[in-house]
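# Structural features, examined
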Amino acid sequence: MDLGVRWKLHGDGRTPAPGAVVRPDERLSWPRTVGLGAQHVVAMFGASFVAPVLMGLDPNLAIMMSGVATVIFLLATRGRVPSYLGCSLSFVGVAAVIRAQGGTSATVTGAVFVVGVALFLVGLAVQRFGARIIHAAMPPIVTGAVVMLIGFNLAPVTASTYWPQDQWTALLVMLFTGMAVVCLRGFWSRIAIFLGLVFGYGISWAFDAIFGKIHSVDASGKLTDHWRLDLSSVGKADWIGLPSFHGPSFQWSAILVALPVVIALVAENAGHVKAVGEMTGDPLDDELGTAISADGAASMLSTAVGGPPNTTYSENIGVMAATRVYSTAAYWAAAGFALLFGLCPKFGEVVAAIPGGVLGGITVILYGMIGLLGAQIWLNARVDLRNPLNLVPAAAGIIIGVGNVTMKFTSHFSLSGIALGTLVVITGYHALRAFAPAHLKTQTPLLDAGTSTYDDDTDGDGGGQRARS
């Protein structure tokens with residue numbers, strides 16, 4: 001059975017010829033391959049370490065399970081889809097909502113475990129029936145709206161939790177990170193979030209040394225005098241040790257909040273698989289179902305032991321585009337580095353000590369970018385928002401999601417925010433489509449080949465698409 005763990009040496013194993021690419025089944029020399037693996041780990045540092053901290057989960061366990069998840073993904077796709085799996089930012093808002101309702105870390109991971117199950121089943125369905133079912137159930141207007149409301153639902157977290165802890169540090173980190181994203185080139189622009197974290201650490205240390213303690217709310221929301229950067233727990237942590245594990249706990253209210261993220265993950269996976277296929281020159285639409293299932297299985301395993309969910313990372317796709325090295329051997333090396341980092345509690349405490357003001361500056365940009373990815377889906381798909389069939393359900397769902405509107409059905413059951421907004425978008429779109437006049441709902445052709453290529457829109461409903469990236 002071919003598991004994609006055999007690689008041919010590319011050329012002399014040193015430097016690819018001008019214009020040449022190192023294919024997934026090839027590798028450079030092992031020292032160079034290991035170096036590329038380390039580069040992939042650095043590329044996912046920012047998001048993959050920030051996400052578990054924002055979700056209130058152990059960053060050491062998160063990085064360890066990202067390595068395990070990457071191994072699962074590479075084996076499942078038989079080395080055809082070079083990708084790294086890291087902690088998904090799509091669940092940050094979900095975790096915030098669940099915790100605001102009194103949920104614990106076990107409640108968060110239990111809800112996300114169910115999402116992993118749902119994602120795994122979606123992948124099996126795509127393998128069985130073809131990718132047309134994704135577009136039929138979740139056309140671009142629906143997918144874009146859900147991604148948008150998930151991102152913008154996070155705005156109050158930044159405004160009320162992180163930014164007030166140190167507004168000036170937050171402002172400086174926001175400006176630095178924004179400059180890094182826009183002005184840096186190539187690999188450095190891909191690790192702009194990580195550079196922002198390092199900058200924020202330095203600024204917080206300098207402000208503590210110059211101005212002393214700050215009088216503001218701390219992470220618990222209590223107004224007090226405290227150090228911006230508290231590294232006291234770092235010195236007490238061991239160099240080598242296992243991260244903290246815990247089992248999931250299942251509550252329907254939390255599960256209903258988390259389930260809408262399945263839509264974002266399916267769209268994300270489809271875009272990443274298409275992008276990798278275009279870069280490697282190997283059409284991967286036939287691997288889409290497998291990739292989605294592998295993503296779901298990896299998330300189930302991670303959350304079962306108390307870790308965060310995992311998904312393919314665009315940061316690492318950017319590294320491949322910059323280096324033109326698509327060898328899966330580099331991702332095996334990256335997974336090995338992740339496992340080693342996960343076994344260093346001291347490193348985890350350094351991550352957990354990220355000052356609130358730094359997170360405030362980072363999340364202002366990060367959360368906004370997540371939301372605007374929904375608008376990018378609309379642009380790529382040429383969604384026509386002049387069409388009321390598109391406009392009405394998207395508008396209603398986004399306002400409900402962003403405003404955290406609540407619908408109480410009984411004294412013990414209610415839907416709000418992300419869950420209610422997603423339900424309104426999906427059911428609203430399909431219900432309105434059933435009653436809309438013919439000129440608003442002419443069916444866009446659906447392709448079995450994948451979700452990445454659709455005919456141009458000719459009917460005015462904005463459903464056509466040339467390429468999703």
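Residues numbered from 1 in each chain as written. Predicted model: local features only at pLDDT ≥ 70, side-chain atom pairs only at ≥ 80, totals over all residues. Heavy atoms only, no water.

Per an unreviewed UniProt entry, the protein chain is named Nitrate reductase, and its organism is Streptomyces adustus. Of the protein chain, the UniProt comment under Sequence similarities (unreviewed entry) reads exactly: "Belongs to the nucleobase:cation symporter-2 (NCS2) (TC 2.A.40) family." (UniProt positions renumbered as here; feature names shortened; annotations may be inferred.)

### Structural notes on the overall build of the protein chain
Across its full length, the protein chain carries 21 helices and 8 strands. Among the 469 residues that make up the protein chain, the fraction classed as buried is 54%. Taking contacts inside the protein chain between residues at least 6 apart in sequence as the whole, the part at least 24 apart equals 76%. Total accessible area on the protein chain stands at roughly 19,500 Å², and carbon and sulfur atoms take up 66% of it. (Helix = DSSP H or I, 4+ residues; strand = E, 2+ residues; numbered from the N terminus. Buried < 20%, exposed > 50% of the residue type's maximum accessible area, 1.4 Å probe, protein only. Contact = heavy atoms within 4.5 Å. Areas by Shrake-Rupley, 256 points an atom, 1.4 Å probe, with all protein chains shown as cover.)

### Digging into the nonpolar core
Grouped together as the largest cluster of nonpolar side chains are 93 residues, with contacts concentrated most on M55, V92, L288, Y367 and W378. In terms of residue count, helix α14 (residues 261-280) provides more of this core than any other element does, 10 residues in total. Built from parts of two domains, this core gets at least three residues from each of domain 1 (23-383) and domain 2 (385-440). Each residue touching M55, except ones within four places of it in the same chain, is listed here: C87, S88, F91, V92, A95, R99, V108, P308 and P309. V22, L28, L36 and A330 belong to the second largest nonpolar core, which has 5 residues in total. (Core = buried A, V, L, I, M, F, W, Y, C linked by side-chain atoms within 4.5 Å. Domains from an automatic or database assignment.)

### Structural notes on a nonpolar patch on the surface
The grouping of L385, L391, V392 and L432 at the surface amounts to a nonpolar patch, some 300 Å² of accessible area in total. Here L391 lies in helix α20 (residues 388-403). Overall, the relative accessible area of 40% leaves L391 in the partly exposed class. (Patch = residues over 30% accessible without salt bridge, like charges linked within 9 Å, V, L, I, M, F, W, Y side chains within 5 Å. Salt bridge = Lys/Arg side-chain N within 4 Å of Asp/Glu carboxyl O.)

### As for the pattern of salt bridges
Considering all chains together, one arrives at 7 salt bridges under this definition. With a closest N to O distance of 3.2 Å, D166 and R228 form a salt bridge. You can see D166 sitting in the loop between α8 (155-162) and α9 (167-183) and its partner R228 sitting in the loop between β5 (223-226) and α12 (232-236), a full 62 residues away along the chain. According to the relative accessible area criterion, D166 is buried, its value standing at 5%. R228 is paired through a salt bridge with D208; the nearest N and O atoms lie 3.0 Å apart. One end of the pair, R228, is in the loop between β5 and α12; the other, D208, is in helix α11 (residues 192-211), with 20 residues separating them in the sequence. By relative accessible area, R228 is classed as buried at 13%. A single salt-bridge network, built from bridges that share partners, covers R78, R80, D286 and E287.

### Remarks on unusual backbone geometry
Excluding glycine, a negative phi dihedral is what most residues carry, and trans is how most peptide bonds are arranged. Non-glycine residue R78 carries a positive phi angle of around 55°. Among the secondary structure elements, R78 is positioned in the loop between α3 (59-76) and β3 (85-87). You will see that R382, though not glycine, has its phi angle at about 55°, which is positive.

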